[in-house]
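# Architecture and fold: a report
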Amino acid sequence: MQKSSSHLLNISWLRKYGDQAFSIIDELLPNEAFFITDSDKKILFWSKGAEELLQFTKEEAVGEHCLKTNRCTQCISNCGVKIHSQIIGVPLELHNQKGELVPVKKYAQALYERDGDFAGTIEFLRPIRKIPKSFEQHQYETLQEMISCSPKMKHLFQQIKMVAKTNANLIPKAIIST
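Report follows, based on the coordinates. Position labels on residues start from 1 in each chain and follow its written sequence. The predicted origin of the model limits local features to residues at a pLDDT of at least 70 and limits the giving and counting of side-chain atom pairs to 80 or more, whereas totals for whole chains, interfaces and linings rest on all residues. Side-chain numbers come from the whole structure's heavy atoms, not from hydrogens or water.

### What to know about the overall build of the protein chain
Only DSSP runs of H or I reaching four residues or more are called helices, and only runs of E reaching two or more are called strands; each is numbered from the N terminus. When helices and strands are tallied, the protein chain shows seven helices and eight strands. In this scheme, a residue with accessible area under 20% of its type's maximum is buried, one over 50% is exposed, and one in between is partly exposed, where area comes from a 1.4 Å probe on protein chains only. Burial analysis of the protein chain (178 residues in total) assigns 33% to the buried set. Put simply, 37% of the contacts in the protein chain that link residues at least 6 apart link residues at least 24 apart. As displayed, the protein chain offers around 11,900 Å² of accessible surface, 54% of which is attributable to carbon and sulfur atoms. Note on contacts: a residue pair qualifies if any of its non-hydrogen atoms lie within 4.5 Å across the two residues. Only the protein chains shown count as covering a residue, and every accessible area follows the Shrake-Rupley method with a 1.4 Å probe.

Put into structure tokens, the structure is as follows:
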């Protein structure tokens, strides 16, 4: 992937204002698991959502190498973000502080200095929810984080997925009954 100017980073700005800016994002999206690393992959910022997901506190995470806290099985050999510049929805297996497996989808962007040198990453982790056992015996349909066995909902999910592949606008008509 080509480095775009939006991914260039003024590292002195990040050191001066980054913690404040990321804290605001963390307050606005408290359940969002994300972290920021520097060029050595040491954690500069660790969100409340990351604390919840991986059970490492901000104090335990900041300053440590990202592999110590996210324990990514696939990342041990090489940093995919550093190699590919951008990762979108890649399924990974992490281990939380207790050693339990945490399946996630990773969304990440490499950041670069103005001279083009690698400056770090911003990485978002979305947990992959397990299908409840009660659904295993039924035919179900999923859409994002939603799951349903209802024929009407399954049909709606399929329609939304079909429309999402086009540039068409979709305005669902709701029929409310009590």
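Having seen the structure, we can now continue with the description.
### Overview of the packing of aromatic side chains
Only Phe, Tyr and Trp rings are paired, with Trp represented by its six-membered ring, and only when their centres lie within 6.5 Å; those with planes under 30 degrees apart are stacked, over 60 edge-to-face, the remainder tilted. Per the counting criterion, the structure on display carries four aromatic pairs. Here F34 and F124 contribute two aromatic rings whose centre-to-centre distance is 5.2 Å and whose plane-to-plane angle is 25°, an arrangement assigned as stacked. Of this pair, F34 sits in strand β2 (residues 33–38) while F124 sits in strand β6 (residues 118–127); the two residues are 90 residues apart in sequence, bridging distant segments of the chain. Using a relative accessible area of 24% as the deciding quantity, one classes F124 as partly exposed. Ring plane angle 40° and centroid distance 5.6 Å describe the contact between F35 and W46, whose orientation is recorded as tilted. Of this pair, F35 sits in strand β2 while W46 sits in strand β3 (residues 43–46), and the two are 11 residues apart along the sequence. The residues F35 and W46 share a single accessibility class, namely buried. Ring pairs connect the aromatic residues F34, F45 and F124, which therefore count as one cluster.

### A closer look at the pairing of strand β5 (residues 101–113)
Bridging between strand β4 (residues 86–95) and β5 involves nine bridges; their strand directions are antiparallel. Pairing of P91 across the sheet is with K105, part of β5. For two strands to be treated as a pair, DSSP must find no fewer than two bridges joining them. As consecutive antiparallel partners, β4 and β5 are separated by five residues, and within that stretch G99 has a phi angle of approximately 90°, a positive value. Note that β5 and β6 share nine bridges and pair antiparallel. What sits directly across from Y112, in β6, is F118. The loop that links β5 with its antiparallel partner β6 comprises four residues; one of these, G116, has a positive phi angle of about 95°.

### As for the pattern of salt bridges
By salt bridge we mean one thing: a side-chain nitrogen of Lys or Arg within 4 Å of a carboxyl oxygen of Asp or Glu. This structure, assessed with the given rule, holds five salt bridges. Salt-bridge contacts for E32 lead to R126; the nearest nitrogen and oxygen are separated by 2.9 Å. Of this pair, E32 sits in the loop between α1 (11–28) and β2 while R126 sits in strand β6, and the two are 94 residues apart along the sequence. Taking the shortest distance from any N to any O, the salt bridge between K106 and E123 comes out at 2.8 Å. Taken as a pair, K106 in strand β5 and E123 in strand β6 lie far apart in primary sequence, 17 residues in all. Just as K106 is buried, E123 falls in that class too.

### Considering the environment of P30
Along the polypeptide, P30 turns up in the loop between α1 and β2. Accessibility expressed as a relative area gives 37% for P30, which makes it partly exposed. Remark: the alpha-carbon pair of P30 and G49, spanning 19 residues in sequence, is separated by 5.8 Å. In this view, P30 contacts K48 and G49; residues no more than four positions away in its chain are not counted.

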